[in-house]
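Structural description and commentary
What follows is each chain in one-letter form.
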Amino acid sequence: MPEEKSPKDSLRILIVDQNVMRASVLEDGLREAGLSNIVVVRDMQNLMRRIVDNDPDVIFIDLENPNRDVLEQMFQVSRCVRRPIAMFVDRSDTDMIEAAVEAGVGAYVVDGLKKERVKSILDTAVSRYKAFSKLRDELERAKEALAERKIIERAKGILMKERGMSEEAAYALLRRAAMNENRRISEVAQSVITAARLLK
Amino acid sequence: MTYSNIIVGFIPLLDCAPLVAAVEKGFAAAEGLDLALMRETSWANIRDRLIVGHFDAAHMLGPMAVASSLGIGHLQVPIVAPFSLGLGGNAITVSNELWEQMTAAGARLGADPATQGTALREVVARRERLKQPPLTFAMVYPFSCHNYELRYWLAAAGIHPDRDVRLIVLPPPLLVDALREGQVDGFCVGEPWNSLAVSAGVGRIVVATSAIWRLSPEKVLGFRLDWTQRYPERVSALVRALYRSAQWCENPANHEELARLLAEPRYVGAPADILQRGLSNKVALGPGDHPRDIPDFYVPARHAATFPWRSHAVWFYSQMVRWRQIEFDPQHVALVEATFRPDLYRLALAPLHVELPSEDWKIEGDPASSTGFFDNRIFDPRNLRAYLR
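The following refers to the structure shown. Note that the coordinates shown come from a computational prediction; the quantities given were computed from them, not determined experimentally. (Residues numbered from 1 in each chain as written. Chains lettered and ligands numbered in written order. Predicted model: local features only at pLDDT ≥ 70, side-chain atom pairs only at ≥ 80, totals over all residues. Heavy atoms only, no water.)

1. A short note on the overall build of chain B
Which entries qualify depends on this criterion: Each helix is a run of H or I in the DSSP string that is no shorter than four residues. Each strand is a run of E no shorter than two, and both are numbered from the N terminus. The quantity called the radius of gyration is restricted to C-alpha atoms. Its globule counterpart is 2.2 Å times the number of residues to the power 0.38. Only protein chains enter the accessibility calculation, which uses a 1.4 Å probe. A residue is then buried if its area is under 20% of the maximum for its type, exposed if over 50%, and partly exposed in between. Every residue pair with non-hydrogen atoms within 4.5 Å of one another is taken to be in contact. Calculation of accessible area relied on Shrake-Rupley with a 1.4 Å probe; when residues are assessed, cover is drawn exclusively from the protein chains displayed. We count Lys and Arg on the positive side and Asp and Glu on the negative side, and we leave His and both chain ends out. For charged residues, the charge sits on one atom: NZ in Lys, CZ in Arg, CG in Asp, CD in Glu.
Secondary structure assignment for chain B yields 18 helices and 16 strands. Since a compact globule built from 389 residues should have a radius of gyration of about 21 Å, the 20 Å found for chain B is in line with a globular shape. Taken along the three principal axes of its C-alpha coordinates, chain B extends 70 × 45 × 40 Å. When burial is assessed residue by residue, chain B has 65% of its 389 residues classed as buried. Of all intrachain contacts in chain B linking residues separated by at least 6 positions in sequence, the fraction that spans at least 24 positions is 72%. Surface exposure of chain B reaches about 13700 Å², of which carbon and sulfur atoms provide 49%. In chain B, which carries 38 positive and 41 negative side-chain charges, the distance between the mean positions of the two groups comes to 3 Å.

2. A word on the side chain of Ser-42 of chain B
With respect to the helices and strands, Ser-42 of chain B occurs in the loop between strand 2 (33-39) and helix 3 (43-51). Judged by relative accessible area, which is 1%, Ser-42 of chain B ranks as buried. Residue contacts for Ser-42 of chain B: discarding those within four places in its chain leaves Asn-65, Pro-66, Arg-68 and Asp-69 of chain A together with Ile-11 of chain B.

3. Topic: the sheet that holds strand 1 (residues 4-10) of chain B
Residue and element names in this part refer to chain B. Quick note on the threshold: By definition, two strands form a pair when at least two bridges between them are found by DSSP. Here an angle of 0 to 180 degrees is reported between the N-to-C directions of two axes, which are lines fitted to C-alpha atoms, with helices fitted over the stretch in contact.
Strand order in the open sheet formed by 5 strands is 2-1-3-12-4, with mixed pairing between adjacent strands. Sheet topology places strand 2 and strand 4 (79-84) at the edges, where each strand pairs with a single neighbour. For this sheet, the mean angle separating the axes of adjacent strands, direction not counted, is 35°. Note that strand 1 and strand 3 (residues 57-61) share 2 bridges and pair parallel. Bridge pairing in strand 3 links Val-8 to Ala-57.

4. Remarks on the interface of chain B and chain A
Quoted interface sizes are often the accessible area lost when the parts come together. So the rule is basically this: Here the buried area means the combined drop in accessible surface, using a 1.4 Å probe, for two parts upon being joined, counting both sides. Take a side-chain nitrogen of Lys or Arg and a carboxyl oxygen of Asp or Glu: if they are within 4 Å of each other, that pair is a salt bridge. In protein, a polar contact means a hydrogen-donor-capable atom and an acceptor-capable atom, both N or O and within 3.5 Å, with residues adjacent in sequence counting only if both atoms are side-chain atoms; elsewhere, any N or O pair within 3.5 Å suffices. In this classification, Asp, Glu, Lys and Arg are treated as charged, Ala, Val, Leu, Ile, Met, Phe, Trp, Tyr, Cys and Pro as nonpolar, and every other residue, Gly included, as polar.
On the side of chain A, 39 residues touch chain B, which itself brings 46 residues to the contact. Interface area, chain B with chain A, both sides summed: about 3600 Å², of which 49% is carbon and sulfur. Taken as a group, Lys-25, Val-52 and Leu-75 of chain B account for 15% of the area that chain B buries against chain A, more than any other trio of residues on that side. Seen at the junction of chain B and chain A, the total is 6 salt bridges. Residue Arg-68 of chain A is joined to Asp-48 of chain B by a salt bridge in which the shortest nitrogen-to-oxygen separation is 2.5 Å. Where chain B touches chain A, the interface holds 17 residue pairs in polar contact (both at pLDDT 80 or more). At the level of elements, helix 2 (27-30), strand 2, helix 3, strand 8 (166-169) and helix 13 (255-263) of chain B are the ones that each hand at least two residues to the side of chain B that touches chain A. A class-by-class count of the residues in the side of chain B that touches chain A yields 23 nonpolar, 10 polar and 13 charged.

5. A few points about a positive patch on the surface
We apply this condition: Here, patches come from residues exposed beyond 30% relative accessible area and free of salt bridges, joined within 9 Å for like charges and within 5 Å for nonpolar side chains (Val, Leu, Ile, Met, Phe, Trp, Tyr).
Taken together, the side chains of Arg-154, Lys-161, Arg-197 and Lys-200 of chain A present a region of like positive charge at the surface. For Lys-161 of chain A, the location among the structural elements is in helix 6 (residues 136-163).

6. Overview of helix 3 of chain B
Counting buried residues in helix 3 of chain B gives 9 out of 9 residues, a clear majority hidden from the surface. Residues of helix 3 of chain B that are buried: Trp-43, Ala-44, Asn-45, Ile-46, Arg-47, Asp-48, Arg-49, Leu-50 and Ile-51 of chain B.

7. Overview of the sheet that holds strand 7 (residues 136-139) of chain B
Residues and elements named next belong to chain B. Here 5 strands make up an open sheet; going across it, the order is 8-7-9-6-10 and the pairing mixed. Single-partner strands in this sheet number two, and they are strand 8 and strand 10 (203-208). Along the sheet, successive strands turn relative to each other by an average axial angle of 25°, direction set aside. Inspection of the sheet shows strand 6 (residues 90-95) paired to strand 9 (residues 186-190) by 5 bridges, in the antiparallel sense. Bridged to Asn-90 within strand 9 is Gly-190. Where helix 8 (residues 172-180) meets the sheet, its contacts fall on strand 6, strand 7, strand 9 and strand 10, and the angle it forms with strand 9 comes to roughly 150°.

Below is the structure:
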């Protein structure tokens with residue numbers, strides 16, 4: 001049974017993050033907010049065991065961490081933990097989830113914890129995570145995709161100019177060549193660019 | 001031509017193949033889609049980012065779509081699956097040490113699931129007599145076919161998955177090391193992870209899940225219900241693109257190229273030769289084992305593999321009830337069935353004039369078909385209560 005705890009600092013918070021810097025940024029933020037009962041887990045071995053031993057009220061985990069699915073099992077195996085843990089309880093929590101996911105952090109709270117309390121803790125985590133990550137890896141992925149798209153655009157441009165084709169026809173030609181040669185469109189596009197440069 | 005954007009999240013596994021080929025071989029572009037694939041690290045992220053709208057669709061565990069529609073363990077957000085991302089592709093692998101004990105009890109490489117299960121039961125019983133700690137098996141997510149297939153096999157062999165062994169969740173990239181270090185004694189996972197454990201010399205594949213349930217469902221393409229209502233054309237276009245892409249993935253002539261594509265770090269990031277084994281249904285079961293034919297090990301398109309059978313969704317629900325993830329409620333059934341959407345599949349493919357199944361439900365283990373469970377139990381979706389007893 002969840003025991004009622006009134007002083008704010010008695011809340012037990014567990015931070016699961018392999019990034020030492022980010023974990024301490026979050027830890028500092030929570031301490032500034034008056035929470036002192038914080039454990040940071042960096043060693044992912046026997047994660048469930050660590051959680052059971054610490055019996056936290058709130059768990060934060062970075063979204064780059066594949067171990068997030070390990071935590072998800074706790075929704076199911078309630079006998080593993082003393083108190084049931086859920087991510088959030090009702091539909092109105094979608095905004096909270098969205099803010100957390102945007103910031104790159106997953107949050108789990110013990111069932112029955114007062115919502116206003118969860119919200120202020122979560123807000124702290126979200127702002128600390130945002131400051132740290134800024135969806136860094138997504139930018140990289142987007143850059144990669146953009147680079148490929150640029151190559152295809154350039155190749156289309158060359159075909160349109162050199163062969164008087166429409167944009168659609170140029171793309172269709174690249175696509176057909178890719179199919180026939182068992183290559184990727186971006187590879188074919190790259191060879192069109194290379195060839196054009198050689199022929200200049 | 002203007003392209004409609006569509007962002008799809010995926011997990012680096014063999015069965016993301018139709019998504020990768022749809023981008024790389026131009027099937028998505030041919031349908032007017034600018035398909036962007038986003039690699040994810042956990043199933044929980046896939047679900048959350050689909051729910052909050054970062055992704056328009058996702059490579060999703062079939063049971064996860066059902067769990068989300070029912071609101072088990074998380075928010076209730078209706079997810080719909082108008083397309084199945086193939087059948088099979090999973091296997092159960094055990095550590096070298098456990099394999100030694102199992103062979104002493106009668107297991108043989110490549111034997112049927114009943115033989116392997118009987119051997120495992122003997123090992124489990126002996127450990128209990130010797131007061132040794134229970135064996136630990138890992139799977140990838142509570143609402144996954146891996147969880148249910150592993151449990152099905154254990155239970156059919158007389159091993160209670162919650163009492164006689166310990167079942168934990170571990171993410172696939174950690175499984176091979178966990179097996180090597182003795183953290184787990186076995187696991188059920190999708191390719192390439194079983195073959196990677198074999199090739200690292202740390203495990204033996206004891207059962208391909210296609211031998212537990214021939215032509216069993218696995219991943220689906222999941223959308224938020226409201227998104228499909230808002231962008232019906234994009235849903236149809238993506239279903240058509242993936243239908244063609246899955247056909248291309250099925251063709252053996254393309255397996256080498258497909259394996260090479262999947263091997264890239266931005267997709268699955270595993271050695272191409274290992275990925276190719278899974279694609280071509282030729283799997284090496286142990287270190288030094290010559291790859292053997294495993295019929296229908298992974299089926300991207302044949303046998304109506306892309307059709308989202310409503311009965312598959314109902315079977316997932318039956319397992320959720322069986323393993324007490326949810327209490328049976330007759331009112332759930334309509335929600336469960338509405339998660340898989342053969343109607344959207346049919347609508348999307350109508351212009352292609354291809355042959356489609358005439359029904360939305362089927363009986364698993366029907367003696368007239370080649371599908372079914374190794375213990376010959378029959379699953380009739382119209383008779384769920386009887387199946388649950």
